[in-house]
Amino acid sequence: ELGLYNKELLSRPSLVVANKMDLPEAAKNLAKFKRKTRLNPLRISAEKNEGIESVKKAIAKLAAKLALHPA
């Protein structure tokens, strides 16, 4: 979808986050998504406040990497 909107976005650093992982169908939907995209998103449940710390750490790590090696 990003590429259809603007191909330049595909070359930018990114994180993919799968929300609502507390729902019963989430594991099945995530497996299907991973097969289609070959991405491995960070898993969270915003409602249950689960996985948020790992997203914060991933963002901080990416930001630090970009500060050391700006595009």
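Not measured: the values here are computed from a predicted model. (Residues numbered from 1 in each chain as written. Predicted model: local features only at pLDDT ≥ 70, side-chain atom pairs only at ≥ 80, totals over all residues. Heavy atoms only, no water.)

**Some words on helix H2 (residues 26–37)**
- Between its terminal C-alpha atoms H2 stretches 16 Å, which fits the 16 Å expected from twelve residues at 1.5 Å a residue.
- Count one or two residues on from H2 and you reach Arg38, which has phi positive near 60 degrees. (Helix = DSSP H or I, 4+ residues; strand = E, 2+ residues; numbered from the N terminus. Expected span 1.5 Å × (residues − 1).)

**Some words on a nonpolar patch on the surface**
- The grouping of Leu15, Val17 and Ile59 at the surface amounts to a nonpolar patch, some 230 Å² of accessible area in total.
- Residue position: Leu15 is located in the loop between helix H1 (2–5) and strand E1 (17–18). (Patch = residues over 30% accessible without salt bridge, like charges linked within 9 Å, V, L, I, M, F, W, Y side chains within 5 Å. Areas by Shrake-Rupley, 256 points an atom, 1.4 Å probe, with all protein chains shown as cover. Salt bridge = Lys/Arg side-chain N within 4 Å of Asp/Glu carboxyl O.)

**Let's talk about the environment of Lys36**
- Mapped onto the secondary structure, Lys36 falls in helix H2.
- We classify Lys36 as exposed; its relative accessible area is 67%.
- Each C-alpha atom, one on Lys36 and one on Leu23, is 20 Å from the other, the two residues being 13 residues apart in sequence. (Buried < 20%, exposed > 50% of the residue type's maximum accessible area, 1.4 Å probe, protein only.)

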